[in-house]
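Listed here are the chains, written in short residue letters.
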Amino acid sequence: MALTVLCVSFVLLLVLGVPVAFAIGLSCLATFAVEGLPFETAIQMMVSGMNVFSFLAIPFFIFSGELMLHGGIADKIVAFARSLVGHWKGGLGLANVVASTLFGGVSGSPVADTSAMGGVMIPIMKREGYSAAYAVNVTTHASLSGALMPTSHNMIIYAFAAQGAAGMIAGHAVRGVSIGDLMFAGLVPCFWIMVCMLVAAYWQARKFGYPRSEDGRSMVHPFPGWGTVLRTFVASVPGLFVIAIILFCVMKGVATATEAAAIAVTYSLLLTVFIYRTMTRERLLKSLAKASKTTGVILLLIGVSNMLRYQMAYLEIPETIEHALLTATQNPWLMLLYINIIQVILGIFLDMAAHILITTPLFLPLAMQMGVGPVQFGMMLLLNCALGLVHPPVGSVQFVGCAIGKISIGEATKTAWPYYLAIFIAINLVTYVPGFSTWLPSIITGHRVF
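Residues numbered from 1 in each chain as written. Predicted model: local features only at pLDDT ≥ 70, side-chain atom pairs only at ≥ 80, totals over all residues. Heavy atoms only, no water.

Condition: UniProt positions are given in the numbering used here, feature names are shortened, and annotations may be inferred rather than shown by experiment.
Named according to an unreviewed UniProt entry, the protein chain is TRAP transporter large permease protein originating from Ramlibacter agri. The Sequence similarities (unreviewed entry) field of the UniProt record for the protein chain holds the comment "Belongs to the TRAP transporter large permease family." As stated in UniProt under Subunit (unreviewed entry), the record for the protein chain gives "The complex comprises the extracytoplasmic solute receptor protein and the two transmembrane proteins."

## Quick look at the overall build of the protein chain
Basically, it comes down to this: Strands here are runs of E lasting at least two residues and helices are runs of H or I lasting at least four, both read from the DSSP assignment and numbered beginning at the N terminus. Radius of gyration: over C-alpha atoms. The globule rule applied is 2.2 Å multiplied by the number of residues raised to the 0.38 power. Exposure classes here rest on a 1.4 Å probe applied to the protein chains alone. A residue is buried below 20% of its type maximum, exposed above 50%, and partly exposed in between. In this description, contact between two residues means that some pair of their heavy atoms is separated by no more than 4.5 Å.
Helix and strand counts for the protein chain come out as 22 helices and two strands. Here the protein chain has a C-alpha radius of gyration of 22 Å; the compact-globule value for 450 residues is 22 Å, and the two agree. Scored against the burial criterion, the 450 residues of the protein chain give a buried share of 56%. A sequence separation of at least 24 residues applies to 79% of the contacts in the protein chain between residues at least 6 apart.

## Considerations on the confidence of the model for the protein chain
Note the cut-off: pLDDT runs from 0 to 100 and stands for how confident the predictor is about each residue.
Scored by pLDDT, the protein chain has a mean of 83; 94% of the residues are at 70 or more. Scored below 50 in pLDDT, residues 166–174 shows 19 contacts in the model against residues more than four places distant or in partner chains.

## Concerning the packing of helix 1 (residues 2–15) against helix 2 (residues 20–35)
When two helices pack together, their arrangement is given by the angle between the helix axes and the distance between those axes. The condition that has to hold: Interaxial angles span 0 to 180 degrees and are taken between N-to-C directions of axes, which are lines fitted to C-alpha atoms, for helices over the stretch in contact. When describing relative orientation, an angle under 35 degrees is termed roughly parallel and one over 145 degrees roughly antiparallel, while 65 to 115 degrees is termed roughly perpendicular and anything else oblique. We call a crossing left-handed when the near helix sits turned anticlockwise from the far one by less than a right angle, and right-handed when that turn is clockwise. Nonpolar residues are Ala, Val, Leu, Ile, Met, Phe, Trp, Tyr, Cys and Pro. Charged residues are Asp, Glu, Lys and Arg, and all others, Gly as well, are polar.
Running from N to C, helix 1 and helix 2 cross one another at 155°; their axes reach a closest spacing of 8 Å. Between helix 1 and helix 2, the interaxial angle falls into the category roughly antiparallel. As helix 1 packs across helix 2, the resulting crossing turns out to be right-handed. Across from Ala2, Val5, Leu6, Ser9, Phe10, Leu13 and Leu14 in helix 1, the residues of helix 2 making contact are Val20, Ala23, Ile24, Leu26, Ser27, Cys28, Ala30, Thr31, Val34 and Glu35. Partitioning the contact of helix 1 with helix 2 into residue classes produces 13 nonpolar, three polar and one charged.

## Observations regarding helix 1
The condition is simple: For a helix, the expected span equals 1.5 Å multiplied by the number of residues minus one.
Look at helix 1: 20 Å from first C-alpha to last across 14 residues, which is about the 20 Å you get at 1.5 Å a residue. Residue Gly17 follows helix 1 closely and has a positive phi angle near 90°.

## Comments concerning a positive patch on the surface
Filter applied, for reference: Patch definition: residues above 30% relative accessible area lacking any salt bridge, with like charges linked at up to 9 Å and the nonpolar side chains Val, Leu, Ile, Met, Phe, Trp and Tyr linked at up to 5 Å. Note on areas: Shrake-Rupley with a 1.4 Å probe; residue coverage comes only from the protein chains shown. Just to be clear on terms, a salt bridge is a Lys or Arg side-chain nitrogen sitting within 4 Å of an Asp or Glu carboxyl oxygen. When charges are counted, neither His nor the chain ends are considered; positive counts come from Lys and Arg and negative counts from Asp and Glu. To locate a charge, the coordinates of NZ of Lys, CZ of Arg, CG of Asp or CD of Glu are taken.
A cluster of basic side chains, namely Arg283, Lys286, Lys290 and Lys293, defines a positive patch on the protein surface. With respect to the helices and strands, the residue Lys290 is situated in helix 14 (residues 281–314). Residue classification places Lys290 among the partly exposed residues on the basis of a relative accessible area of 39%.

## Side note on the layout of surface pockets
Quick note on the threshold: Think of a 1 Å grid over just the protein atoms. A cavity is a set of points where a 1.4 Å probe fits yet cannot get out, a pocket is an open set with protein on both sides within 12 Å along at least five of seven lines, and lining residues have an atom within 4 Å of a point. Grid points are joined across faces, edges and corners, and a volume is the space filled by probe spheres set on the points.
Its volume calculated, the largest pocket comes out at about 1000 Å³. Along the wall of the largest pocket there are 39 residues; nearest its centre are Val111, Thr294, Val297, Asp351 and Ser396. Secondary structure elements with two or more residues in the lining of the largest pocket: helix 2, helix 4 (57–70), helix 7 (110–127), helix 9 (153–161), helix 14, helix 16 (332–349), helix 17 (352–369) and helix 18 (374–388). A per-element tally of the lining of the largest pocket places helix 14 first, with seven residues. A breakdown of the residues in the lining of the largest pocket according to their chemical character gives 20 nonpolar, 14 polar and five charged. Estimated volume of the second largest pocket: approximately 590 Å³. Together, 23 residues line the second largest pocket, and Cys7, Phe10, Leu346, Ile358 and Leu362 are the ones closest to its centre. Mapped onto the lining of the second largest pocket, the elements with two or more residues apiece are helix 1, helix 14, helix 15 (317–328), helix 16 and helix 17.

## Notes on helix 19 (residues 396–405)
Given 3.6 residues to a turn, an α-helix orients residues that are three or four positions apart in the same direction. The criterion, for reference: The arc in question is formed by the directions pointing from the helix axis toward the C-beta atoms.
Those residues of helix 19 that sit buried are Val397, Gln398, Gly401, Cys402 and Gly405. In an axial view of helix 19, the angular spread of the buried residues amounts to 130°, which keeps them on one side of the axis. Exposed residues lying more than 90 degrees from the buried face of helix 19 are Phe399 and Ala403. Of the surrounding secondary structure, the elements contacted by the buried residues of helix 19 are helix 7, helix 8 (132–142) and helix 20 (409–413). Following helix 19 by one or two positions, Lys406 has its phi on the positive side, about 60°.

## Side note on the packing of aromatic side chains
Rules: Any pair of Phe, Tyr and Trp rings, taking the six-membered ring for Trp, is counted once the centres come within 6.5 Å. Such a pair is stacked with planes under 30 degrees apart, edge-to-face with planes over 60 apart, and tilted for the rest.
Applying the stated criterion across every chain yields a total of nine aromatic pairs. Look at Phe32 and Tyr310: their rings are 5.8 Å apart centre to centre, the planes differ by 15°, and that puts the pair in the stacked class. Of this pair, Phe32 sits in helix 2 while Tyr310 sits in helix 14, and the two are 278 residues apart along the sequence. Its relative accessible area of 0% is what places Phe32 among the buried residues. Each ring, one from Trp333 and one from Tyr432, has its centre 4.5 Å from the other, and the planes form 20°; the classification is stacked. Linking Trp333 in helix 16 with Tyr432 in helix 21 (residues 417–432), this pair joins segments that are 99 residues apart in sequence. Of the residues examined, Trp333 reaches a relative accessible area of 57% and is grouped as exposed. Three or more aromatic residues joined by ring pairs form one cluster here, namely Phe32, Tyr310 and Tyr314.

Take a look at the structure:
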């Protein structure tokens, strides 16, 4: 009865359009009432879920990204990417991919990446003869790399969600996930996504003859010269340097991930106020307001998701799902395929933070039984969550891109399959080739990463 109330009330609230955080909280409270459990326990679970020191990194990473977003770094990255590849066939599309990947490393947020790059690049691309669907798809799908970059607050959320996982892999006890390992693990998949997006953007540009003039003729801009490339690169380096700061601090043990995030905020302020001189009082207040709102939403999700975790453990939901999947198959390849399919479906309806918090305790123990370590599973999960951001009917990133491009999600989806294919290839490489995500952190940290 309690399980029925939990599932039915949650689904019903989502269908009615209730925000995910409130849907989770209300369905949990309804289940507490049915079970006769005291509401004080629910509040304790909610508060304890948010009262974690490492979560200080979340507002710092978000605020750093907002400072970069409103501080003008996007324009400098676009100028560098355009001077580097803008003279090739479909040059603005290729420049968009490079710029979106680089800015994703600065912001750590696909939505912020799409807002910044889309606001700059989509109108320019439409004006210079690219279709709105092409401009939107290139922007939104390339921005997904922000979910796996070192500045991504979603890695912090996953590390917290994975803390409760326990098991044995190759004789070593697993008590948690290193945020530093996750940061390095995402770099190779990010590079692969960028390469695949470049191929897809170039192929579509050749197929449709982009860019085209009003009379239908193909146009290509001349190469501006290596001097321009060098000058625009130097101008963008200070903004990109925040990625190096975070990785260096974590790799050398100079600071924890939380302290590195605070350093990133300080650096972002100094950069935008004193070096670029683009940060005005209005922009600073806007950055503070947006960072505060996003942080509040995420912490609320963390709190209610911890309540949900308590309910799932009480009702033995993870064990039930594990038993059902193990009954279906004992083959690791098929099991991981089933997990990925379920993740893709859930990603259509759930926000990224909620997706991570709800599904990690369900599938991480099962994935570990199949020989997949917590770092590798983290990359699988983040990629599946990222795909949900551009998948209709919800797709928050695709929604932002389409709003900027002034087209419907359905129109953009018609030509999006090459970019979906690129993400699916990345998901399968991370799933079935462990070294694809674990090789780099293993080399850098000097210990075996799973």
